[in-house]
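A look at the structure
The residues making up each chain are set out below.
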Amino acid sequence: MISTVKQSAISINGCDFIRSKSQSLTSSRRFSVLPPLPAMKTRRSSGVSVSKPIFVSKVESFGGLKRSNETDGEEKSCLVKCKAYEADRVDPIEGPESKSEVARKMKIGVYFATWWFLNVIFNIYNKKVLNAFPFPWLTSTLSLAAGSLIMLISWAVRISETPKTDLEFWKTLFPVAVAHTIGHVAATVSMSKVAVSFTHIIKSGEPAFSVLVSRFLLGETFPMAVYLSLIPIIGGCGLSALTELNFNWIGFSGAMISNVAFVFRNIFSKKGMKGKSVSGMNYYACLSMLSLLILTPFAIAVEGPQMWALGFEKAVSQVGPQIVWWMAAQSVFYHLYNQVSYMSLDEISPLTFSIGNTMKRISVIVSSIIIFRTPVQPVNALGAAIAILGTFLYSQAKQ
């Protein structure tokens, strides 16, 4: 704490603290931290008073005045500028850092709003496509293909920087891509059989699988609060499943498999990508391309072009040519919302991302119930609320 100032900043002449080279080492050490202030006869008024205490909020810069060294003719910077504020002020004087922090928070807010919006749009079009064209393997493949094409074009025209990868990078990415492919297809299969809201309620139980896998397969331990947070997650998901009006075992199993797959995807990603200098956007692009190569032969084997052709003709006869727009929209929006989510990971902590993911799931559940007019019993809604609350408590407990 030092004396207050009349202006928004004070300047302390650094040369007043520089002692001659001819002085002894002992003397230099003695006064290097708190040197005596010399007479200020030739100095201009500093505008400092002792009416109120002040606190230094930041050192702004060094330099501005030059002073010649009498022995060797060198010039040295003499000015140290400090921002300060009075002790009875609520906030320190605003500086460039505070403005940049506000800009950063606004950027994160835009990321979150865009992420949630794109995810809601994707789920709407995805469900419309699956209702008219119930081929989840092809739908999943188109989603990955659209994302891969978008990124290849962006690299070709230099909209985004091409990632520098090597064979080792793709080797470490392969298990991540396998888990991502399984999780993506399983979630799409689930949504083809049950309501979007039910799939996302079950998928809110992913933290429970994360803790169980990490505990029993990886030997990790967690605080008791983490284990306690699993009770409302499991209980809420179970209550929603038991009271779901349009319950389907394939839809339920698909959501559960998706949870397990995404848990392993996160584990493989953390272990394999340490030290890799690839941005979040490019990392997801590479993941999509590798997943597309893995998924395509399985999609052909499970469903096949003949089934797709018959299914497409039936869809066009039922909903018209707009099915093509729906399929294109769900594919593009799938990539965009995932791309934005990975970009946000570059700006925020995993805890903030987890909370954002919880809020995203709430927005998807509510919007899908409204748009598709999904019948929901009060007990079913209570189960969903309990599961979402448990997910939030889990993210807080892991902090």
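Residues numbered from 1 in each chain as written. Predicted model: local features only at pLDDT ≥ 70, side-chain atom pairs only at ≥ 80, totals over all residues. Heavy atoms only, no water.

Remarks on unusual backbone geometry
One non-glycine residue, Arg158, lies in the positive phi region at around 65°. Looking at the element boundaries, Arg158 is found in the loop between helix H3 (136–156) and helix H4 (167–193). Its relative accessible area of 73% is what places Arg158 among the exposed residues. With phi around 50°, Arg373 is a residue other than glycine that occupies positive phi space. Structurally, the position occupied by Arg373 is in the loop between helix H12 (350–372) and helix H13 (378–397). (Helix = DSSP H or I, 4+ residues; strand = E, 2+ residues; numbered from the N terminus. Buried < 20%, exposed > 50% of the residue type's maximum accessible area, 1.4 Å probe, protein only.)

Brief notes about the side chain of Asn119
As for its placement among the helices and strands, Asn119 is situated in helix H2 (residues 96–132). The residues touching Asn119, leaving out its near neighbours within four places in the chain, are Tyr337, Lys360 and Val364. (Contact = heavy atoms within 4.5 Å.)

Overview of the UniProt feature "transmembrane region" (unreviewed entry) in the protein chain
The UniProt record annotates "transmembrane region" (unreviewed entry) at residues 108–125, 137–157, 249–268 and 280–302. As annotated, residues 108–125 comprises 100% helix and 0% strand, and the C-alpha atoms at either end are separated by 26 Å. Annotation note: span residues 249–268, helix share 100%, strand share 0%, distance between end C-alpha atoms 28 Å. (UniProt positions renumbered as here; feature names shortened; annotations may be inferred.)

Section: the packing of helix H9 (residues 280–302) against helix H10 (residues 304–319)
Taken N-terminus to C-terminus, the directions of H9 and H10 make an angle of 70°; their axes are 6 Å apart at the nearest point. Compared by their axis directions, H9 and H10 come out roughly perpendicular. The segment H9 lies against H10, with Ala299, Ile300 and Val302 engaging Gly304, Pro305, Met307 and Trp308. Residue composition of the contact of H9 with H10, grouped by class: six nonpolar, one polar and no charged. (Axes fitted to C-alpha atoms, helices over the stretch in contact; angles between N-to-C directions. Parallel < 35°, antiparallel > 145°, perpendicular 65-115°, else oblique. Nonpolar A, V, L, I, M, F, W, Y, C, P; charged D, E, K, R; others polar.)

A closer look at the environment of Val185
Position of Val185 relative to the elements: it lies in helix H4. Assessed through its relative accessible area of 5%, Val185 is described here as buried. Once the C-alpha coordinates of Val185 and Ser258 are considered, the two residues, 73 residues apart in sequence, prove to be 7.8 Å apart. If sequence neighbours within four positions are ignored, Val185 has contacts with Trp137, Ser140 and Leu295.

Looking at the packing of aromatic side chains
Here the structure, examined in full by the defined rule, presents 15 aromatic pairs. Their ring planes at 50° and their centres at 4.6 Å tell us that Phe133 and Phe135 sit as a pair that is tilted. Overall, the relative accessible area of 1% leaves Phe133 in the buried class. With a relative accessible area of 10%, Phe135 lands in the buried category. Ring plane angle 75° and centroid distance 6.0 Å describe the contact between Phe198 and Phe247, whose orientation is recorded as edge-to-face. In this pair, Phe198 sits in helix H5 (residues 196–203) while Phe247 sits in the loop between helix H7 (224–243) and helix H8 (249–272), placing the two residues 49 residues apart along the sequence. With a relative accessible area of 30%, Phe247 lands in the partly exposed category. Linked through ring pairs, Phe198, Phe247, Trp249 and Phe252 together constitute an aromatic cluster. (Phe/Tyr/Trp six-rings, centres within 6.5 Å; stacked < 30°, edge-to-face > 60°.)

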